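Residue-level structural notes
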Amino acid sequence: MSRTVQCVKLGHEAEGLDRPPYPGDLGRRIFDQVSKQAWSEWLRHQTMLINENRLTPMDPKARRFLEEQMHNFFFGPGSDLPPDYRPPQA
């Protein structure tokens, strides 16, 4: 049986993650308060951040930036969009 969480991002109860998706306290907080759907939204947003900012995820500076953006995406004012970002046309 799947577990449910009161998702901080979606604002309602939804299916929770199967395990913490990130190490440490932030990963535990995400596990406890973020739904699978919201985590999926973050993964798409993170991919956009990596591509638009031309980040190398192995670079410690890029990893700190992504962790900060992840925290803001779920628990803060929201993640920043790159300054010249234009959403793809449908």
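Residues numbered from 1 in each chain as written. Predicted model: local features only at pLDDT ≥ 70, side-chain atom pairs only at ≥ 80, totals over all residues. Heavy atoms only, no water.

Concerning the nonpolar core
This is how it is decided: We call a set of buried Ala, Val, Leu, Ile, Met, Phe, Trp, Tyr and Cys residues a nonpolar core when their side-chain atoms join them within 4.5 Å. Three exposure classes are used, based on accessible area relative to the maximum for each residue type with a 1.4 Å probe and protein chains only: buried under 20%, partly exposed in between, and exposed over 50%. Put simply, DSSP marks the helices as runs of H or I at least four residues long and the strands as runs of E at least two long, and each gets a number from the N terminus on.
Counting 17 residues, the largest nonpolar core has I30, V34, W39, W42, M70, F74 and F75 as the members making the most contacts within it. Contributions of two or more residues to this core are made by helix 1 (24–33), helix 2 (36–52) and helix 3 (60–75). Here this core takes six residues from helix 2, the largest share from any one element.

Let's talk about the packing of aromatic side chains
What counts is decided by this rule: We call Phe, Tyr and Trp rings a pair once their centres come within 6.5 Å, taking the six-membered ring for Trp, and we label the pair stacked below 30 degrees between planes, edge-to-face above 60, and tilted otherwise. Only when the NZ of Lys or the CZ of Arg is both within 6 Å of the ring centre and within 35 degrees of the ring normal is a charge said to sit over the ring.
One pass over the structure, following the stated rule, counts five aromatic pairs. Ring geometry for F73 versus F74: centroids 5.0 Å apart, planes at 85 degrees, classification edge-to-face. Each member of the pair, F73 as well as F74, carries the same accessibility label: buried. Their ring planes at 55 degrees and their centres at 6.1 Å tell us that F74 and F75 sit as a pair that is tilted. Classification of F75 as buried rests on a relative accessible area of 18%. Every member of this aromatic cluster is reached through a ring pair, and the members are W39, W42, F73, F74 and F75. Positioned above the aromatic ring of F31, the side-chain terminus of R3 is 3.8 Å from the ring centre.

Notes on the packing of helix 2 against helix 3
Which entries qualify depends on this criterion: Note on method: axes are straight lines fitted to C-alpha atoms, helices fitted across the in-contact stretch only, with angles between N-to-C directions ranging 0 to 180 degrees. Roughly parallel refers to an angle under 35 degrees, roughly antiparallel to one over 145, roughly perpendicular to one between 65 and 115, and oblique to any angle outside these ranges. Helix crossings get a hand from a simple test, with the near helix turned counterclockwise from the far one by less than a right angle marking a left-handed crossing and a clockwise turn marking a right-handed one. Between two residues, a contact is recorded if the distance between any of their heavy atoms is within 4.5 Å.
Contact pair helix 2 / helix 3: the axes reach a minimum separation of 11 Å and the direction vectors enclose 140 degrees. The angle between helix 2 and helix 3 places the two elements in the oblique class. Every pair of crossing elements has a handedness; the one defined by helix 2 and helix 3 is right-handed. From helix 2, A38, W39, E41, W42, H45, Q46, L49 and I50 reach across to helix 3, where they touch L66, Q69, M70, F73 and F74.

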